[in-house]
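Overview (structure and organization)
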Amino acid sequence: MDGQTSLPVAIIGAGPVGLAAAAHLLERGLEPLILEAGPTAGAAIEQWRHIRLFSPWRYNLDAATVRLLEASGWETPRLTALPYGGELVDDYLAPLAALPALSCRLQTGARVVSVTRQGIDKTHSRNRENTPFTVRVQDTDGAVREITAAGVIDASGTWSTRNPLGTSGLPAKGESAADGRISSPLPDVLGRDRDSFAGCRVLVVGAGHSAANTLINLADLTKAEPGTTILWAIRGASAAKVYGGGDLDGLPARGQLGSRLRRLVEAGTIELHTGFGISSFKSLDSHVTIEAVDGRTLDADIIVPCTGFRPDLDILRELRLELDPAVEAPRELGPNLGLPETGVCSTDAGSSCDVPAAATASAGSEADGCCTVPEPVLIGFQTGLAHGRSGNN
Ligand SMILES: Cc1cc2nc3c(=O)[nH]c(=O)nc-3n(C[C@H](O)[C@H](O)[C@H](O)COP(=O)(O)OP(=O)(O)OC[C@H]3O[C@@H](n4cnc5c(N)ncnc54)[C@H](O)[C@@H]3O)c2cc1C
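All figures in this text were calculated on a predicted structure; none of them were measured in a lab.

1. A closer look at the overall build of the chain
Scanning the chain for helices and strands turns up 12 helices and 14 strands. Going through the 393 residues of the chain one by one, you find that 37% of them count as buried. Put simply, of all contacts in the chain between residues at least 6 apart along the chain, 69% involve residues at least 24 apart.

2. Describing the nonpolar core
Counting residues in each nonpolar core, the largest one holds 85 residues, and the members touching the most others are A10, L19, V202, L203 and L215. Each of domain 1 (9–159 + 311–337) and domain 2 (163–308 + 339–373) contributes no fewer than three residues to this core.

3. Description of helix α7 (residues 209–224)
Over its 16 residues, α7 extends 24 Å from the first C-alpha to the last, a length consistent with the 22 Å expected when each residue adds 1.5 Å. When α7 is considered as a whole, its buried residues turn out to be H209, S210, A211, A212, N213, T214, L215, L218, A219 and L221.

4. Re the sheet that holds strand β11 (residues 278–283)
Pairing is antiparallel across the open sheet formed by three strands, whose spatial order is β11-β12-β13. A strand with exactly one partner marks an edge of an open sheet, and here the two such strands are β11 and β13 (297–300). On average, adjacent strands in this sheet sit at an angle of 20° to one another, irrespective of strand direction. In this sheet, strand β12 (residues 288–292) lies alongside β11 in antiparallel orientation, the contact comprising five bridges. Of the residues in β12, the one forming a bridge with S280 is E291.

5. A look at the sheet that holds strand β14 (residues 302–305)
Strands sit in the order β10-β9-β8-β14 across an open sheet of four strands; the sheet is parallel. Unpaired on one side and paired on the other, β10 (270–273) and β14 mark the two borders of the sheet. Going across the sheet, the axis of each strand differs from the next one's by a mean of 20°, ignoring polarity. Of the pairings in the sheet, the one linking strand β8 (residues 201–205) to strand β9 (residues 229–233) comprises five bridges and is parallel in character.

6. What to know about the packing of α7 against helix α9 (residues 252–266)
Following both chains from N to C, one finds α7 and α9 inclined at 55°, their axes separated by 10 Å at the closest point. Considering their axes alone, α7 and α9 lie oblique with respect to each other. Crossing geometry of α7 relative to α9 is assigned as left-handed. Contact with α7, carried on its side by H209, A212, N213, L215, I216 and A219, involves R254, L257, G258, R260, L261 and L264 of α9 and no other residues of that element. In terms of residue class, the contact of α7 with α9 is made up of seven nonpolar, three polar and two charged.

7. Remarks on the site of the ligand
In the neighbourhood of the ligand, 34 residues make up the surrounding shell, with G13, G15, V17, L53 and G157 lying closest. Of all the secondary structure elements, the ones that give two or more residues to the shell around the ligand are α1 (16–27), α2 (43–47), β4 (110–117) and α11 (346–349). Along the lines of polarity and charge, the residues of the shell around the ligand split into 20 nonpolar, 11 polar and three charged. Here the shell around the ligand gathers at least three residues from each of two domains, domain 1 (9–159 + 311–337) and domain 2 (163–308 + 339–373).

Basis of the calculations
Residues numbered from 1 in each chain as written. Predicted model: local features only at pLDDT ≥ 70, side-chain atom pairs only at ≥ 80, totals over all residues. Helix = DSSP H or I, 4+ residues; strand = E, 2+ residues; numbered from the N terminus. Buried ≥ 20, exposed ≤ 12 C-beta atoms within 10 Å, placed from the backbone. Contact = placed C-beta atoms within 7 Å. Core = buried A, V, L, I, M, F, W, Y, C linked by C-beta atoms within 7 Å. Domains from an automatic or database assignment. Expected span 1.5 Å × (residues − 1). Pairing = 2+ DSSP bridges. Axes fitted to C-alpha atoms, helices over the stretch in contact; angles between N-to-C directions. Parallel < 35°, antiparallel > 145°, perpendicular 65-115°, else oblique. Left-handed = near helix turned anticlockwise from the far one by under 90°. Nonpolar A, V, L, I, M, F, W, Y, C, P; charged D, E, K, R; others polar. Near = placed C-beta within 6 Å.

In structure tokens:
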């Protein structure tokens with residue numbers, strides 16, 4: 001990076017990670033430039049502001065951002081309280097982004113569409129390490145411009161790229177044609193999106209915390225709108241992992257979520273279909289028919305895809321990346337991110353633990369867990385369930 005010290009470090013995304021990266025760069029005397037596709041900082045979390053986090057404030061605040069905020073007289077939230085997504089935006093990300101140190105370095109409505117090395121393509125090796133980056137940006141009005149940067153930090157998250165609904169990581173047959181009946185991954189069924197769900201036959205697909213949150217909110221909707229029917233399809237043979245460890249969960253909110261879901265299924269408010277790997281969608285005028293690999297079918301008016309998310313790697317295609325082959329994160333982080341049940345970010349890892357029933361049976365016993373890592377790695381918060389391939393932790 002010799003001779004590039006006057007160039008900014010481009011940060012893709014103004015979520016909690018992008019803003020924290022900017023604060024750390026400033027502390028080191030480097031110049032961040034934050035490029036945010038949405039209209040405000042925290043634009044992705046804004047989409048699920050009605051959902052409560054399961055990690056309390058103390059795990060959601062970055063030390064360098066807190067140092068910046070405290071200098072402005074900001075009051076730290078109660079560290080043990082669990083914020084809603086909306087509170088994370090309103091009480092943390094918005095005031096942070098409004099600080100003069102960051103606001104003058106934040107461009108909103110600026111979507112990064114590709115990143116490359118200036119003047120050289122991916123195959124070109126000579127002097128690559130000392131060549132600055134070109135970051136191509138598309139503004140909300142459609143105009144395209146380029147920025148030269150000394151470095152690039154991709155903090156674009158995963159929200160915009162949900163996993164497909166079909167098995168094997170591929171869209172099911174007819175999935176794109178059924179698009180009009182597939183909602184966003186975390187619809188606000190009690191508020192903003194209520195009209196699309198009230199009185200409908202709703203199928204929630206997936207075995208993570210996004211599914212749990214949506215199912216519980218739908219159950220509340222049925223009290224006011226009794227014509228609403230809730231179906232829940234998971235690929236695994238049992239929902240035990242979503243129900244979690246109850247009182248033993250290191251994050252009590254997560255434990256309570258699972259326990260509440262279990263009660264709703266046992267009471268018949270939610271109709272659970274296990275071992276339901278989706279093979280195809282048939283769109284009809286009145287509804288969509290969803291067919292499982294084993295031939296079972298379900299009819300629904302609307303489908304909520306809670307199958308997790310993955311990064312959008314298209315923008316980085318011209319770079320030479322070393323990614324973990326399983327989770328598409330930087331290689332050093334990959335092994336940790338491969339344990340969704342114990343990490344705080346399990347919703348993002350989404351469906352990786354919702355393995356088909358047959359695969360689970362052939363891989364070993366229940367205690368083996370679902371993640372294909374050779375040794376248990378203890379990170380994050382205990383769920384009260386045993387994890388890891390050895391089955392003894
Ligand atoms: C329902 C739900 C509950 C969750 N609960 C928790 C929890 O309790 N605890 C926890 O730690 N985590 C939780 N998570 C995970 C949470 O999303 C992440 O911890 C956090 O949002 C990650 O921050 P981020 O900055 O990496 O990504 P994001 O918050 O997704 O921010 C990425 C930003 O990048 C922008 N962007 C995307 N693409 C581009 C582009 N090409 N150009 C420019 N900008 C772009 C987006 O608009 C967005 O503002 C939860 C997630 C969900 C969906």
